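Chains, contacts and geometry: an overview
One-letter residues, chain by chain:
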Amino acid sequence: MNILVLGAGGREHALAWQCAKDSKVQQVYVAPGNAGTALEPKCKNVVLKTTSETAGEHSAVIDFCQNNNIDMVIVGPEAPLVTGIVDACRDAGIKAWGPTAYCAQLEGSKTFAKEFMATNNIPTAAYEGFTDAALAKNYIDEQGAPIVIKADGLAAGKGVIVAETIEQAHAAIDDMLASNKFGEAGSRVVIEQFLSGEEASFICMIDGDNILPMATSQDHKRAFEGDMGPNTGGMGAYSPAPVVTDSVYEKTMAQVIQPVVDAMKSAGHPYTGFLYAGLMIDESGNPSVIEFNCRLGDPETQPILMRLQSSMVDLVAQGLAGNLPSQADWDDRVALGIVVASKGYPESSSKGDVISGLPALTTDINTAVKVFHAGTTFAKSNDSDSADDYTNNTNSEKEVVTDGGRVLCVTALANTISNAQQAALMVTGAISFEGAHYRRDIGHHAISREML
Ligand code: AMP
Ligand code: GLY
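Residues numbered from 1 in each chain as written. Chains lettered and ligands numbered in written order. Predicted model: local features only at pLDDT ≥ 70, side-chain atom pairs only at ≥ 80, totals over all residues. Heavy atoms only, no water.

Take the overall build of the chain next. Summing up its helical and strand segments, the chain has 15 helices and 23 strands in all. Against the 2.2 N^0.38 benchmark of 22 Å for 452 residues, the chain shows a C-alpha radius of gyration of 21 Å, consistent with a compact globule. Considering only C-alpha atoms, the chain reaches an extent of 60 × 45 × 45 Å along its principal axes. Carbon and sulfur atoms form 48% of the exposed surface of the chain, whose accessible area is close to 18,000 Å². Here the chain holds 31 positive side-chain charges and 55 negative ones, and the gap between their average locations is 3 Å. (Helix = DSSP H or I, 4+ residues; strand = E, 2+ residues; numbered from the N terminus. Rg over C-alpha atoms; globule rule 2.2 N^0.38 Å. Areas by Shrake-Rupley, 256 points an atom, 1.4 Å probe, with all protein chains shown as cover. Lys, Arg positive; Asp, Glu negative; His and termini not counted. Charge placed at Lys NZ, Arg CZ, Asp CG, Glu CD.)

Given below as structure tokens:
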């Protein structure tokens, strides 16, 4: 089998690595991939110029699949899903795993998601949508702080301000509606009631009807230790998340996931692909949805897939055929991933810094620590810097350099969360590049529980 994974992050490295482990698989192409996917056995990066973030332009992917006998496409990021890559592939007779553009609105538009949740009685924070700054500020004054301001469209996890004070909330409105900091994505805002509790990521595979819950996980959204600083795409994650007790799990399936499947089916748009519910779990163990994503989480995928013992390829094939099993096999151990970010992240990022101390690539699938790459590439050599050079297999000689905000996710498996944190920290500590920063407290909620 040949597989095409779309995307360039740590999530896609983990997906490609899992797919490549399956003996049925000859080749995993990753578009565009990163240095980690280029180095992975059986994986090869390809440049598909229109991997597309532009509506309707998915022809490069379709041509590539038709010319390279691709048996399945696994779509990593949200942008191509929101612009209909799955619809376009299906129309061309190509098997692509993900939701249609209609279903992807659950992530692509916060307004769609909030209205969908209201209609289907899915628990979530109270909200109002605004395009006018003065009206938005009046509403904030009425509601008081803390309060949450969100850009309506896609903003790579960064278009959310949890304002502690009314002044901060007003400033967020000025940024989004008045100075257009998030462009089109921020021309409309959703203002939400602040929810307190502990967050967890609840990710499932859905084939239109059947639901396969993946192992639970918890992300760390804030840039700095102690959950301080600005929101990021995620600075680390671990799986499983003990906050998701059996009762929280049952409630989430009954009150959140099943209603999505039922409502999408009755709207004539069966939900297919990964569905990610970002949950806030209150003190009584009741989940509310903070957000839906129409894809796997990043970095949650790295620890989750580190624990997956079933074949990812078989699960996707079953999903595409409409016969997903209700359970997969998971390693009983805990997995924990620490994101190493580049200078300036999340406000900016630094490219071209040489990364040293990466452990040698190992093909041993049972290794307890795996470094998934995200924003990495190879230093351009003087003799050739063509795209072909980037994708060939002489890469192992080349220097790996930073190429984005989140650079690596060092992921460890161990019997306890503390041991997984220690193992990941040891490998992380040996890696260095100019401006590298990471959190040493990933897993702190679960570690406090372990100490009890
Ligand atoms: P989102 O992109 O919607 O997941 O929001 C990013 C982060 O902001 C979440 O992971 C939460 O930590 C925080 N957040 C979002 N909405 C709320 C809310 N209504 N109450 C409290 N925190 C929130
Ligand atoms: N880690 C959060 C996300 O993938 O949206």
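This part takes up the site of ligand 1. Around ligand 1, a shell composed of 16 residues is seen, among which Glu192, Leu195, Glu199, Lys221 and Glu291 lie nearest. Residue glutamate 192 places a side-chain N or O atom 2.7 Å away from a nitrogen atom belonging to ligand 1. Between ligand 1 and leucine 195, the relevant distance is 2.8 Å, taken from a nitrogen atom to a main-chain nitrogen or oxygen of the residue. Burial of ligand 1 by the protein chains amounts to 95% of its free accessible area of 470 Å². When contributions to the shell around ligand 1 are tallied by element, the ones reaching two or more residues are strand 7 (147-151), strand 8 (160-163), strand 9 (189-193) and strand 17 (287-293). When the residues that make up the shell around ligand 1 are grouped by side-chain class, the tally is 8 nonpolar, 2 polar and 6 charged. (Near = heavy atom within 4 Å. Polar contact = N/O pair within 3.5 Å; in protein donor to acceptor, adjacent residues only side chain to side chain. Nonpolar A, V, L, I, M, F, W, Y, C, P; charged D, E, K, R; others polar.)

Take the nonpolar core next. Formed by 52 residues in total, the largest nonpolar core has its most connected members in Leu4, Val73, Leu106, Ile257, Val260, Tyr271 and Phe292. Beyond its immediate sequence surroundings of up to four residues, tyrosine 271 is in contact with Pro99, Cys103, Leu106, Ile206, Asp207, Gly208, Val260, Met264, Asn293 and Cys294. (Core = buried A, V, L, I, M, F, W, Y, C linked by side-chain atoms within 4.5 Å. Buried < 20%, exposed > 50% of the residue type's maximum accessible area, 1.4 Å probe, protein only. Contact = heavy atoms within 4.5 Å.)

Of the two faces of strand 4 (residues 72-75), the one lined by Met72 and Ile74 and the one lined by Val73 and Val75 are each fully buried. Taken together, the 4 bridges between strand 1 (residues 2-7) and strand 4 define a ladder with parallel strand orientation. Bridging across to strand 4, leucine 4 finds its partner in valine 73. Here 2 bridges tie strand 4 to strand 5 (residues 96-97), and the two strands are oriented parallel to one another. If you follow valine 73 over to strand 5, its bridge partner there is alanine 96. (Pairing = 2+ DSSP bridges.)

We now examine the site of ligand 2. Lining the immediate surroundings of ligand 2 are Asp219, Lys221, Gly233, Tyr276, Asn293, Arg295, Gly297, Asp298, Pro299 and Glu300. Contact between ligand 2 and asparagine 293: an oxygen atom at 3.3 Å from a side-chain N or O atom of the residue. Glutamate 300 places a polar side-chain atom, nitrogen or oxygen, 2.8 Å from a nitrogen atom of ligand 2. Here ligand 2, which alone exposes 200 Å², has 92% of that area covered by the protein. Looking at the shell around ligand 2 residue by residue, the classes come out as 2 nonpolar, 3 polar and 5 charged.

Turning next to helix 3 (residues 59-67). Buried within helix 3 we find Ala60, Val61, Ile62, Phe64 and Cys65. Packing partners of the buried residues in helix 3 comprise strand 1, strand 2 (27-32), strand 4 and helix 5 (85-91). Positive phi appears at asparagine 69, one or two residues downstream of helix 3, with a value of about 50°.

Moving on, we come to the packing of helix 8 (residues 133-143) against helix 9 (residues 166-178). For any two helices packed against each other, the geometry comes down to the angle between their axes and how far apart the axes lie. At a closest axis distance of 10 Å, the pairing of helix 8 and helix 9 adopts a crossing angle of 160°. Put simply, helix 8 runs roughly antiparallel to helix 9. At the point where helix 8 passes helix 9, the crossing takes the right-handed sense. Across from Ala133, Ala136, Lys137, Ile140 and Asp141 in helix 8, the residues of helix 9 making contact are Ile166, Ala169, His170, Ile173, Asp174 and Leu177. For the contact of helix 8 with helix 9, a count of residues per class yields 7 nonpolar, 1 polar and 3 charged. (Axes fitted to C-alpha atoms, helices over the stretch in contact; angles between N-to-C directions. Parallel < 35°, antiparallel > 145°, perpendicular 65-115°, else oblique. Left-handed = near helix turned anticlockwise from the far one by under 90°.)

Read from one edge of the open sheet, 5 strands run 3-2-1-4-5, paired in parallel fashion. Edge positions in the open sheet fall to strand 3 (43-45) and strand 5, since each of these has one partner strand only. Bridge count between strand 1 and strand 2: 6 bridges; the pairing is parallel. Bridging from a neighbouring strand, asparagine 2 pairs with glutamine 27 of strand 2. Across the face of the sheet, helix 1 (residues 10-21) comes into contact with strand 1, strand 2, strand 3 and strand 4 while running at roughly 170° to strand 1. On the sheet, helix 3 packs against strand 1, strand 2 and strand 4 and is oriented at approximately 165° with respect to strand 1.

Looking now at the side chain of glutamate 291. Note on placement: glutamate 291 falls in strand 17. Among the polar contacts listed, one links the side chain of glutamate 291 to the side chain of asparagine 293, at a separation of 3.3 Å. Residues within four places of glutamate 291 in sequence aside, it is in contact with Lys110, Lys221, Tyr276, Ala277 and Gly278.

Another point: the side chain of aspartate 298. Looking at the secondary structure, you find aspartate 298 in the loop between strand 17 and helix 11 (301-307). We classify aspartate 298 as buried; its relative accessible area is 13%. In this structure the side chain of aspartate 298 is engaged in a polar contact, spanning 3.4 Å, whose partner is the backbone nitrogen of glycine 10. Discounting chain neighbours no more than four positions away, the residues touching aspartate 298 are Gly9, Gly10, Arg11, Glu12, Gly233 and Arg406.

Counted under the stated rule, the structure contains 7 aromatic pairs. Between the aromatic rings of tryptophan 17 and phenylalanine 372, the centroid separation amounts to 5.3 Å while the plane-to-plane angle is 70°, which identifies the pairing as edge-to-face. Of this pair, tryptophan 17 sits in helix 1 while phenylalanine 372 sits in strand 20 (residues 369-373), and the two are 355 residues apart along the sequence. By the burial criterion, tryptophan 17 is buried, and phenylalanine 372 matches it. Centroid distance phenylalanine 130 to tyrosine 139: 5.2 Å. Interplanar angle 45°. Geometry classified as tilted. (Phe/Tyr/Trp six-rings, centres within 6.5 Å; stacked < 30°, edge-to-face > 60°.)

So, on to the sheet that holds strand 19 (residues 351-354). One open sheet holds the 3 strands; their spatial order is 19-22-21, and the pairing between them is antiparallel. The sheet is open, and its two borders are formed by strand 19 and strand 21 (376-378), each paired with just one other strand. Strand after strand, the sheet turns through a mean of 40° between neighbouring axes, direction not considered. Relative to strand 22 (residues 400-403), strand 19 runs antiparallel, the two sharing 2 bridges. Looking across to strand 22, one finds that valine 354 is bridged to valine 401.

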